[in-house]
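What the coordinates show
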Amino acid sequence: MTHRDIALLLADAADGVEVGIAPTQAVVRGGRRRRARRWAVAAAAALAIVGTTGTVALAGLPGGGGRVEPSATPDTPRYQPHRTDLASGTEDGKDWEVYVDVWDAPRDKAQAEAQLTAMGEYKGEWPASVRTAADLVGKSTFFVQRGYEGDTSVVIENSVPEGDANVSTDMESGGLGLSPQAKSVRLVIGRIAKAALEVTCDWKDGTSTVLHRVSGPETDGTLKQGIRSAEGSPDRWFVCVAPKGTVYKDARVTGLDQ
């Protein structure tokens, strides 16, 4: 079975998947320009990949395959993502982290087929909005991963036209549990304009957390919650966590570059 065959099988499998709000009480909020921007938030049904040995593997399982090396020619997109760590910390002795993988936009169907195959081999990162390889041409794709005590899963993903970026106070954000088992929506992840200087996360107990641009790890090696650039993305990203005892209410951009 060729890589093209695998990509087409994945596309057929995706046709049968209905993507919606995750059973983890995920909350999705959009900015003014909603258009076709829907974030598929966590725990859509796993897609089965039929491998060359004839066995079946579930996308997203750890150890699902190695990375594909990027092409040497500048006109061909990388067949592996740009990864940026967005935040990390420890609560009750449990380590958590959030990072984003951004895949370059393929320029034609052949590149898109190769990239879809690479996505499946990399970590089973399949874009839910893509039905055929042609759907991915000219679009970059991002996958936000949440890690908790070594358990890593895609929680937000989307494919958008290359270079498509938020402007002004536009925001796309999602809220979910800090761990896969948590029912309380405390972890908030958002995509905002490059011009955003400040984001305010509001909690249901009436308190708020104000975020500013940050870079680099803390002295203890963790990544502070805040606003960060992500390689390959035309936007900035933020992560904030609600204090214990309360949950996510809203998030908004409250400061811009002049």
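Overview of the structure. Quick caveat: nothing in here was measured; it's all calculated off a predicted structure. (Residues numbered from 1 in each chain as written. Predicted model: local features only at pLDDT ≥ 70, side-chain atom pairs only at ≥ 80, totals over all residues. Heavy atoms only, no water.)

1. Description of the nonpolar core
- Residues Trp96, Val98, Val100, Val144, Leu187, Ile189 and Val239 are the most contacted members of the largest nonpolar core, which totals 19 residues.
- Every element with two or more residues in this core is listed here: strand 5 (82-91), strand 6 (94-103), strand 7 (139-148), strand 8 (151-161), strand 10 (187-192) and strand 14 (236-241).
- With four residues, the single largest contributor to this core is strand 6.
- Apart from the residues lying within four places of it in its own chain, the contact partners of Val239 are Leu86, Ala87, Trp96, Val98, Leu187, Val188, Ile189, Leu211, Gln225 and Gly226.
- Among the nonpolar cores identified, the runner-up in size contains 16 residues, and Leu211, Ile227, Phe238 and Ala251 belong to it. (Core = buried A, V, L, I, M, F, W, Y, C linked by side-chain atoms within 4.5 Å. Buried < 20%, exposed > 50% of the residue type's maximum accessible area, 1.4 Å probe, protein only. Helix = DSSP H or I, 4+ residues; strand = E, 2+ residues; numbered from the N terminus. Contact = heavy atoms within 4.5 Å.)

2. As for the sheet that holds strand 12 (residues 208-212)
- Spatially, 12-11-15 is the arrangement adopted by the three strands of the open sheet, whose pairing is antiparallel. Sheet topology places strand 12 and strand 15 (248-256) at the edges, where each strand pairs with a single neighbour. The mean angle between the axes of side-by-side strands here comes to 20 degrees, regardless of whether they run parallel or antiparallel.
- Where strand 11 (residues 196-203) lies against strand 15, seven bridges are found, and the strand directions are antiparallel. Within the sheet, the bridge partner assigned to Trp203 lies in strand 15 and is Tyr248. (Pairing = 2+ DSSP bridges. Axes fitted to C-alpha atoms, helices over the stretch in contact; angles between N-to-C directions.)

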